[in-house]
Amino acid sequence: MKNYNFDKILPKLEKFVQNLGVPVVTRIKDRDFDPFKILIGTILSLRTKDETTEEAANRLFEVVKTPEDLIKLSEKDIEKLIYPVGFYKRKAKQIKEVAKTLIEKYDGRVPNDLEELLKLKGVGRKTANLVITEAFDDYGICVDTHVHRISNRLGWVKTKNPEQTEMELRKILPKKYWKTINPILVTFGQNICKPISPLCSKCPIEPLCPKIGVTKSR
DNA sequence: AAAACGGGGGC
DNA sequence: GCCCCAGTTTT
């Protein structure tokens with residue numbers, strides 16, 4: 001059995017990011033733990049900065065509380081509400097279609113099921129797993145580019161895309177870390193273990209890191 | 001000035 | 001597997 005050092009690394013990183021002086025990224029602020037708002041907010045957040053997402057989500061949710069509210073709006077109206085986010089035209093179309101599907105197939109509710117979530121337009125593995133962990137407090141592993149990159153650098157996995165990373169982590173990562181690995185590694189990845197020129201000299205787990213694929217500079 | 005960026009869809 | 005998307009920040 002390979003020694004992944006999860007119990008050495010993850011608790012240490014969790015403490016480290018908590019003491020960084022920046023908020024630990026959760027990607028979900030206060031959405032009243034409403035699965036619908038969490039799902040829609042997550043779609044809006046794709047490839048978009050947190051503050052921008054928040055601005056758009058707050059505007060949208062002032063008007064829209066339920067899938068029924070959302071399908072009443074035209075795509076143009078939705079575009080205006082969510083405007084600052086990237087891909088706003090596509091996202092406006094997607095979230096309206098998601099709302100329609102929720103009403104037609106799921107009685108207006110968000111399913112707590114990975115496969116069902118993945119059927120929704122605009123929902124991929126990252127979004128679906130985030131909804132499962134955040135909205136339902138259930139077991140999922142949300143693999144974004146940070147989790148993917150760092151899992152490879154640390155030698156936990158040897159994969160070339162996030163889906164493969166998720167599948168490998170499902171086999172090797174203790175369940176107690178499934179929910180927290182994303183916020184921990186995202187915050188760590190933004191501040192220390194960056195894609196290019198990572199700050200290894202400031203890294204608390206540097207001695208444990210084989211630095212696979214780490215590029216000092218371009 | 002390029003490239004990257006907190007993915008996902010369509011092909 | 002490859003290409004596109006939209007606007008901002010890094011390099």
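Just so we're clear, the structure is a prediction, and the values are computed from it rather than from any experiment.

Rules of the game
Starting from 1, residues in each chain are numbered consecutively following that chain's sequence as written. Throughout, the order in which chains and ligands are written sets their labels, letters from A for the former and numbers from 1 for the latter. Local features in this predicted model are restricted to residues whose pLDDT is 70 or higher, and side-chain atom pairs enter the listing and the counts only when it is 80 or higher, whereas totals over whole chains, interfaces and linings include all residues. Note that the side-chain values use all heavy atoms of the structure and ignore hydrogens as well as water. Throughout, an axis means a line fitted to C-alpha atoms (over the contacting stretch in the case of helices), and angles, computed between N-to-C directions, take values from 0 to 180 degrees. Going along the chain from the N terminus, every DSSP run of H or I of four or more residues is numbered as a helix, and every run of E of two or more is numbered as a strand. Here the word oblique covers every angle except those under 35 degrees (roughly parallel), over 145 (roughly antiparallel) and from 65 to 115 (roughly perpendicular). Residue contacts are defined here by distance: any two heavy atoms, one from each residue, within 4.5 Å place the two residues in contact. Lys, Arg, Asp and Glu make up the charged group, whereas Ala, Val, Leu, Ile, Met, Phe, Trp, Tyr, Cys and Pro make up the nonpolar group; the residues left over, Gly among them, are polar. For the domain bounds, the source is a domain assignment made automatically or taken from a database. We define buried area as the total accessible area lost by two parts upon association, computed with a 1.4 Å probe and summed across both. To sort residues, take the accessible area from a 1.4 Å probe on protein chains only and compare it with the maximum for the residue type: under 20% means buried, over 50% means exposed, and anything in between is partly exposed. UniProt positions are given in the numbering used here, feature names are shortened, and annotations may be inferred rather than shown by experiment. Here the aromatic set is Phe, Tyr and Trp, taking the six-membered ring for Trp, and pairing holds for ring centres within 6.5 Å; pairs whose planes are under 30 degrees apart are stacked, those over 60 apart are edge-to-face, and all others are tilted. As a reminder, the over-ring test applies to NZ of lysine and CZ of arginine, requiring each to be within 6 Å of the ring centre and within 35 degrees of the ring normal.

## Describing the packing of helix H3 (residues 50-63) against helix H5 (residues 75-82)
Packed helices, taken two at a time, are described by the angle their axes make and the gap between the axes.
Next, step 1: For the pair H3 and H5, the least separation of the axes is 7 Å and the interaxial angle reads 135°. As judged from the angle between their axes, H3 and H5 are oblique. Of H5, the residues touching H3 (which contributes Ala 56, Arg 59, Leu 60 and Val 63) are Lys 80, Leu 81 and Ile 82.
Next, step 2: For the contact of H3 with H5, the residue count by class is five nonpolar, no polar and two charged.

## Concerning the domain arrangement of chain A
Next, step 1: Domain boundaries assigned for chain A yield domain 1 (6-25 + 141-208) and domain 2 (35-134).
Next, step 2: Using C-alpha coordinates to define each centre, domain 1 is positioned 26 Å away from domain 2.
Next, step 3: Facing 10 residues of domain 1, the contacting portion of domain 2 comprises eight residues.
Next, step 4: Between domain 1 and domain 2, the buried area comes to about 740 Å², and carbon and sulfur atoms account for 51% of it.
Next, step 5: In terms of surface lost to domain 2, no three residues of domain 1 exceed Cys 142, Glu 166 and Lys 179, which account for 51% of the buried area on that side.

## Quick look at helix H8 (residues 125-134)
Think of an α-helix as turning once every 3.6 residues; residues three or four places apart then point the same way.
Next, step 1: Of all 10 residues in H8, 10 are buried, a share of seventy percent or more.
Next, step 2: Every buried residue belonging to H8 is among Arg 125, Lys 126, Thr 127, Ala 128, Asn 129, Leu 130, Val 131, Ile 132, Thr 133 and Glu 134, and all of these are buried.

## Description of the UniProt feature "binding site: [4Fe-4S] cluster" (unreviewed entry) in chain A
Next, step 1: The residues that UniProt annotates with the feature "binding site: [4Fe-4S] cluster" (unreviewed entry) are Cys 193, Cys 200, Cys 203 and Cys 209. Their sequence span is 17 residues, while the largest C-alpha to C-alpha distance among them is just 10.9 Å; these annotated residues converge on one region.
Next, step 2: Tracing the backbone through its elements, the reader meets Cys 203 in the segment after helix H11 (181-191).
Next, step 3: Among all residues touching Cys 203, those that are not within four sequence positions of it are Phe 188 and Ile 192.
Next, step 4: Excluding anything up to four places from it in sequence, Cys 209 contacts Arg 153 and Leu 154.

## Re the UniProt feature "domain: HhH-GPD" (unreviewed entry) in chain A
Next, step 1: With numbering aligned to this structure, UniProt lists the feature "domain: HhH-GPD" (unreviewed entry) at residues 44-191.
Next, step 2: In the segment residues 44-191, helix accounts for 64% and strand for 0%; the C-alpha atoms at its two ends are 23 Å apart.

## Some points on the packing of aromatic side chains
Next, step 1: Evaluated as defined, the whole model comprises four aromatic pairs.
Next, step 2: Look at Phe 6 and Trp 156: their rings are 4.9 Å apart centre to centre, the planes differ by 50°, and that puts the pair in the tilted class. One end of the pair, Phe 6, is in helix H1 (residues 6-18); the other, Trp 156, is in the loop between helix H9 (145-153) and helix H10 (162-172), with 150 residues separating them in the sequence.
Next, step 3: A relative accessible area of 6% means that Phe 6 is categorised as buried.
Next, step 4: Look at Trp 156 and you get buried, because its relative accessible area is 4%.
Next, step 5: Both rings, one in Tyr 83 and one in Tyr 88, keep their centres 5.0 Å apart while their planes meet at 70°; by these two values the pair is edge-to-face.
Next, step 6: Ring-pair connections join several aromatic residues into one group, and the members of that group are Tyr 4, Phe 6 and Trp 156.
Next, step 7: Lys 175 extends its terminal NZ or CZ atom over the ring of Tyr 139, reaching a point 4.2 Å from the ring centre.

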